[in-house]
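# Observations on the three-dimensional arrangement
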Amino acid sequence: MAQQVLAQVNSNSSPPASPQPPRLRTAPRKQERDPPQHREAREAPPPQPAMAAAADENQDLTRAFAGLGGLGVDEAALVTALGRWRRHPERRAQFRRGFPGFFSASAGAAAGIERCEDEYLRHLEAEFARFKDAAVLWALHPWERDARWAHHVLHGEDGDGRAAHARHPPGLLVEVACTRAADDLLGARRAYQAIYHRSLEEDVAYRVTDATASLLVGLVTAYRYEGERVSEELAAEEAKALAAAVKAAPASAAARLVQNEQVVRILATRSKPQLRATFKIYKELHGKPLEEDFAGEPCLQDAVKCLDSPPMYFAEVIGRAFGDDADRLAKAALTRIVVSRADADMEEIKDAYTKQHGAKLADAVAKNTHGHYKDALLAMIGK
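Residues numbered from 1 in each chain as written. Predicted model: local features only at pLDDT ≥ 70, side-chain atom pairs only at ≥ 80, totals over all residues. Heavy atoms only, no water.

### Observations concerning the pattern of salt bridges
- Per the counting criterion, the structure on display carries 14 salt bridges.
- Glu238 serves as the salt-bridge partner of Arg265, at 3.2 Å between the closest nitrogen and oxygen. In this pair, Arg265 is assigned in helix α13 (residues 261–269) and Glu238 in helix α12 (residues 232–248), connecting sequence segments 27 residues apart.
- The closest approach of N and O atoms between Glu316 and Arg320, which form a salt bridge, is 3.0 Å. Separated by four residues within a single helix, Glu316 and Arg320 lie in helix α17 (residues 310–321), roughly one turn from each other.
- For Arg320, a relative accessible area of 45% corresponds to the partly exposed category.
- When salt bridges that share partners are traced, they join Glu238, Arg265 and Arg270 into one network. (Salt bridge = Lys/Arg side-chain N within 4 Å of Asp/Glu carboxyl O. Helix = DSSP H or I, 4+ residues; strand = E, 2+ residues; numbered from the N terminus. Buried < 20%, exposed > 50% of the residue type's maximum accessible area, 1.4 Å probe, protein only.)

### Concerning the environment of Leu242
- The topology assignment puts Leu242 in helix α12.
- Take Leu242: its relative accessible area is 2%, and that puts it in the buried class.
- Residues Leu242 and Val263, 21 residues apart in the sequence, show an inter-C-alpha distance of 6.3 Å.

### Side note on unusual backbone geometry
- In this model, His197 sits at a positive phi of 60°, which is unusual for a non-glycine residue.
- When you line up the elements, His197 lands in the loop between α9 (182–196) and α10 (200–207).

Everything listed is a geometric property; what it means functionally is a separate question.
Written as structure tokens, this is what we have:
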């Protein structure tokens, strides 16, 4: 949609060119033999101040609204344009008429106004909120931040009880449970209890009513060993157990593996180094990673990715935020990941992003985001 906005601004907002007066051939005849480019330079009329000002306004508006439907709006450029339009309501009317996708002519009693479409209002609300959301999330304690995100997933409302515009995806619970250190996950559970006066695990058990409930309860209540000790014998044994579960699962079952006791036990209890060893042996035995055999079960796939390599998982999610088909939740994930990982593993995420997408994360953010929101993200990402 950002490209549509730019095209509409450039094609509709510029004023029509004024007709040029006829050129007078008053120069001596010998000057006719001058090079053509010299004659054109002499004969071109001087730029008109009104047209130059209109061009500046058009440029500012283009910059300001380039983020609509994208990732942030250039607030500073918009403020500049607003200042120039003081006491010029006709310019706003011209602007509205130049955006038929966002404004439409009203009929009946409201005839004569350009009505703002509801979808446009939602775009404005989302884009201008991105910088605010990033600033608020950055200021929160990490444990409270994770607790509030989990509450969004489970209840679909803000912390003060107001309905949220859109729930975070269920995969966010997996992300919090599987990418945080043991003490940080415990801290998030403590924060959840302090803020909402009940435990995270009881809310998960009560409010998650599909087949993922057992796995999610196991993941959010885990307190994993964080040492480096790994048993290769155990890794081989559990790789075979996972393979047996995959082989035995009926192909037609809606949730064929997420309820398997062996799968849930292994993913919810083992240390991350131990699981990485298990995943490695599984791939060696079967020629493909475990998450491929969990196709059709996103909760299991996300759990494996987060437990195996958080930076690779985060880089993949960020890449989806820049896609042409990215929805509001996909774009919100960019804010969530940059804010929550800025002090943790951002350097590893940047390396993983470069490997996956062949570009630097900072360059991708600078290209795809706008305004103060872009500046905030780049400050947290670092060069």
